[in-house]
Amino acid sequence: MYPLYDVLHLIGQIVFGAYFIRAGINHFRQEKSLTAYASAMKVPQPKTAVLVSGVLLILGGLGIVFTVYFHLALFLVLLFLVPATFMIHPYWKHTDPQTRMSNEINFYKNIALIGAILFMFY
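Please read all numbers here as calculations on a predicted model, not as lab measurements.

Student: Got a sec to walk through the side chain of Asn 110? Specific residues and values, please.
Tutor: Here Asn 110 shows up in helix α5 (residues 97–121). Residues contacting Asn 110, with those up to four places away along its chain left out, are Leu 81, Thr 85 and His 89.

Encoded structure:
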């Protein structure tokens, strides 16, 4: 309807998808430290979880950016976000104020991302 809306939509789509692509690449670049953290958070098979979640994020992000299998791409990102939010960022379990605050920020950021993805399914 309005060309500006199309431009804003495209920019938002690229930024949103690129966020997940970057996060997925980071899973491979920081595999050792992410695996150690996942292990500390009692994630089953932490190395496999880090690598598989990296693939989910990259494929999901690419699907969002290029609008390829868009709903599947959104689902792949959700498949990562839902368990990661509750397993990796359980801020309520931490007593150290700085760790608790960092995890609380990431927990609610992920909740917001989940909400955005659910909205995009519409």
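Student: Which residues make up the packing of aromatic side chains, and what are the values?
Tutor: Scanning all chains against the criterion turns up eight aromatic pairs. A ring pair is formed by Tyr 19 and Phe 20, whose centres lie 5.1 Å apart and whose planes are at 85°; its orientation type is edge-to-face. Between Tyr 91 and Trp 92 the ring centres are 5.1 Å apart and the planes differ by 80°, which places this aromatic pair in the edge-to-face class. A relative accessible area of 41% places Trp 92 in the partly exposed class. Among the aromatic residues, those joined into a ring-pair cluster are Phe 86, Tyr 91, Trp 92, Phe 107 and Tyr 108.

Student: I'd like to hear about the packing of helix α2 (residues 31–40) against helix α3 (residues 46–66), residue by residue, with values.
Tutor: Describing two packed helices takes the angle between their axes plus the distance from one axis to the other. Where α2 meets α3, the axes come as close as 8 Å, and the angle between the chain directions of the two elements is 125°. Considering the angle they form, α2 stands oblique to α3. Note that α2 runs across α3; the crossing there is right-handed. From α2, Glu 31, Leu 34, Thr 35, Ala 38 and Ser 39 reach across to α3, where they touch Pro 46, Lys 47, Val 50 and Leu 51. Residue classes in the contact of α2 with α3 are distributed as five nonpolar, two polar and two charged.

Student: Go over the environment of Glu 31, please, and point to the residues and values.
Tutor: Positionally, Glu 31 belongs in helix α2. Glu 31 sits 84 residues away from Gly 115 along the chain, and the two C-alpha atoms are 27 Å apart. If sequence neighbours within four positions are ignored, Glu 31 has contacts with Asn 26, Lys 47, Val 50 and Leu 51.

Student: So what about α2? Which residues, and what values?
Tutor: Along α2, the residues classified as buried are Glu 31, Thr 35 and Ala 38. Each buried residue of α2 sits inside an arc of 65° when the element is viewed along its axis, so together they form one side. Opposite the packed face of α2, turned more than 90 degrees from it, sit the exposed residues Lys 32 and Ala 40. Tucked into the core, α2 has its buried residues touching α1 (3–29), α3 and α4 (70–88). Looking at the residues trailing α2, positive phi occurs at Lys 42, about 65°.

Student: Outline the nonpolar core, supporting the account with residue identities and numerical values.
Tutor: In a soluble, globular protein the nonpolar side chains are often hidden away together inside. Membership of the largest hydrophobic core comes to 21 residues, with the highest contact counts inside it found for Phe 20, Ile 64, Leu 81 and Ile 117. When contributions to this core are tallied by element, the ones reaching two or more residues are α1, α3, α4 and α5. Among the elements that make up this core, the one with the highest residue count is α4 (nine residues). Excluding residues that lie within four positions of it along the chain, Ile 64 makes contacts with Gln 13, Phe 16, Gly 17, Phe 20, Phe 70, Ala 73, Leu 74 and Val 77.

Procedures and definitions
- Residues numbered from 1 in each chain as written.
- Predicted model: local features only at pLDDT ≥ 70, side-chain atom pairs only at ≥ 80, totals over all residues.
- Heavy atoms only, no water.
- Helix = DSSP H or I, 4+ residues; strand = E, 2+ residues; numbered from the N terminus.
- Contact = heavy atoms within 4.5 Å.
- Phe/Tyr/Trp six-rings, centres within 6.5 Å; stacked < 30°, edge-to-face > 60°.
- Buried < 20%, exposed > 50% of the residue type's maximum accessible area, 1.4 Å probe, protein only.
- Axes fitted to C-alpha atoms, helices over the stretch in contact; angles between N-to-C directions.
- Parallel < 35°, antiparallel > 145°, perpendicular 65-115°, else oblique.
- Left-handed = near helix turned anticlockwise from the far one by under 90°.
- Nonpolar A, V, L, I, M, F, W, Y, C, P; charged D, E, K, R; others polar.
- Arc of directions from axis to C-beta.
- Core = buried A, V, L, I, M, F, W, Y, C linked by side-chain atoms within 4.5 Å.

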